[in-house]
Each structure stands twice: as C-alpha cells, then as structure tokens.
Amino acid sequence: AGAAVAMMAADPTHPAARAWARVRRVATPLLLGAFVAFVVATKGFGTYDRRVLVLGYPLLALAAAAAVDAVVTRTAPARIVALLEGRPLAALGTYSYGVYVFHWPVVALAAPALSRVQEALHPASAALASLVFLVVGSAFTVGLAVVSYHGFERRFLRQKARFADSAGEEAS
C-alpha cells in the first residue's frame, strides 16, 4: 500500500492516481474509521487473532497508506500535517532501524500478558488496554533503539566511508 502511494505521488497523471484522487477525501476517513472499529471489535488487535492476521494487517496497511497520502498531498488537516512533519518525528528517523529491529521482541514478550488482560475486559476497555500497550511498548522500543544507536550502530555508520568504491561513492 505504501509503495502504491509513492508511485501515485511520483506520477499523479497515472489512472490509479487520478482514481484515488477522486475518492481520497471520503476513503481516507472511512479506512481510518474502519481500522478503529476493527480494533474495538477484535478487543484490541490481538497479535495471534486470526481475524487480525487475515483482515487486520491489510486494513492497517491501507489505513496507514491513506494517512501518509493525506499528509503528502496536504489533504489532511493542517494541524495533522504540521504534527507529522515536525522535528520529533523527523528525529525518530535516526533511530528507525533500531525501532524496526526491536519492535517485534517487545511485542512478542508483552503480547501474552496483553492477551490475558484483553480477554477479561469489555471490548472497548480491551481496545483502551491495547492503546496503553501501544504507547508504553512504543516508548520502550524507541528507548531501546536510542540506546542501540548511540551505543552500537553509530560506530558502524562512521565506517561507511571505508567501504566506498573506487569512484568515491558509498557502497549500498
């Protein structure tokens, strides 16, 4: 879904881009609303729930792609665009590899406890528990990524120049 957004942004004259442009103002809120409703209906987007695996992750990808598209095309409210283009999220890019590496172990370690909590709660309360899990887990994951970057990754990134090819370009 993200690749499709990038392709449509690169070529707004493409038929798919023109079709999306006609429906984006209605489709984006519908996708985001559908995702929120799905989270509530599944008691918080449980990691091992088959409904989440089959429907939830594709819905999440579509909703996230629509949200990114809304920011890129400036069809999102100005406050949301400003928030997502702000320095804190730009700074997060420095640590994104660590977030990618550490998010799954954090989820895998915390998911069983979250599942037990969700089973005991009303669906709306279970969704709230998932939101709390998301916030705390994200903060913990970013913390691990920051420590990893400053304690480990940065040393290797400084070595990139040593691996440049003969034309002086960095190896990829």
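Overview of the packing of aromatic side chains
When we look at a pair of aromatic rings, we describe it by the centre distance and by the angle of the planes. Inspection of every chain in the model, using the stated rule, returns 3 aromatic pairs. Note on Y95 and Y149: the rings are 5.3 Å apart at their centroids and 90 degrees apart in plane angle, and the pair reads as edge-to-face. Remark: Y149 occurs in helix 7 (residues 123-157) and Y95 occurs in the loop between helix 5 (87-92) and helix 6 (96-119); sequence separation between them is 54 residues. Using a relative accessible area of 17% as the deciding quantity, one classes Y95 as buried. When the ring of Y97 is compared with that of Y100, the centres are 6.1 Å apart and the planes differ by 40 degrees; the resulting orientation is tilted.

Focus: the packing of helix 2 (residues 15-41) against helix 3 (residues 50-72)
As a packed pair, helix 2 and helix 3 sit with axes 9 Å apart at the nearest point and diverge in direction by 140 degrees. As far as their axial angle goes, helix 3 and helix 2 are oblique. Read as a crossing pair, helix 2 and helix 3 show a hand that is left-handed. Listed contacts from helix 3 to W20, R24, T28, L31, L32, A34, F35, F38 and A41 of helix 2 are R51, V52, L55, G56, L59, L60, L62, A63, A66, A67, D69 and A70. In terms of residue class, the contact of helix 2 with helix 3 is made up of 16 nonpolar, 2 polar and 3 charged.

Description of the pattern of salt bridges
In this structure the tally under the stated criterion is 3 salt bridges. Salt-bridge contacts for D49 lead to R51; the nearest nitrogen and oxygen are separated by 2.6 Å. Assessed through its relative accessible area of 43%, R51 is described here as partly exposed. R74 is the partner of E85 in a salt bridge, and the nearest nitrogen-oxygen pair spans 2.6 Å. Note that E85 is positioned in the loop between helix 4 (78-84) and helix 5 and R74 in the loop between helix 3 and helix 4, a separation of 11 residues in sequence. A residue is classified by how much of its surface remains accessible, and E85, at 47% relative accessible area, is partly exposed.

Here we look at the nonpolar core
In terms of nonpolar packing, the biggest core is built from 14 residues, with W20, L31, F35, F38, V39, F45 and L59 touching the most fellow members. Elements with a minimum of two residues in this core: helix 2 and helix 3. Top element by residues in this core is helix 2. It accounts for 7 residues. Once residues within four sequence positions are removed from consideration, L59 is found in contact with L31, A34, F35 and F38.

Regarding the confidence of the model for the chain
Residues of the chain with pLDDT of at least 70 account for 94%, and the chain-wide mean is 85. Confidence scores differ between elements of the chain, with helix 4 showing the lowest mean pLDDT of 84 and helix 2 the highest of 91.

So, the side chain of E153
With respect to the helices, strands and loops of the structure, E153 is situated in helix 7. When residues no more than four places from it in sequence are discounted, the contact partners of E153 are Y97, G98 and S148.

Considerations on the side chain of T28
Of note, T28 is situated in helix 2. Among the polar contacts made by the side chain of T28, one reaches the main-chain carbonyl oxygen of R24 at a distance of 3.0 Å. Excluding anything up to four places from it in sequence, T28 contacts W20, A66, A67 and A70.

The rules behind each value
- Residues numbered from 1 in each chain as written.
- Predicted model: local features only at pLDDT ≥ 70, side-chain atom pairs only at ≥ 80, totals over all residues.
- Heavy atoms only, no water.
- Phe/Tyr/Trp six-rings, centres within 6.5 Å; stacked < 30°, edge-to-face > 60°.
- Helix = DSSP H or I, 4+ residues; strand = E, 2+ residues; numbered from the N terminus.
- Buried < 20%, exposed > 50% of the residue type's maximum accessible area, 1.4 Å probe, protein only.
- Axes fitted to C-alpha atoms, helices over the stretch in contact; angles between N-to-C directions.
- Parallel < 35°, antiparallel > 145°, perpendicular 65-115°, else oblique.
- Left-handed = near helix turned anticlockwise from the far one by under 90°.
- Contact = heavy atoms within 4.5 Å.
- Nonpolar A, V, L, I, M, F, W, Y, C, P; charged D, E, K, R; others polar.
- Salt bridge = Lys/Arg side-chain N within 4 Å of Asp/Glu carboxyl O.
- Core = buried A, V, L, I, M, F, W, Y, C linked by side-chain atoms within 4.5 Å.
- pLDDT = per-residue confidence, 0-100.
- Polar contact = N/O pair within 3.5 Å; in protein donor to acceptor, adjacent residues only side chain to side chain.

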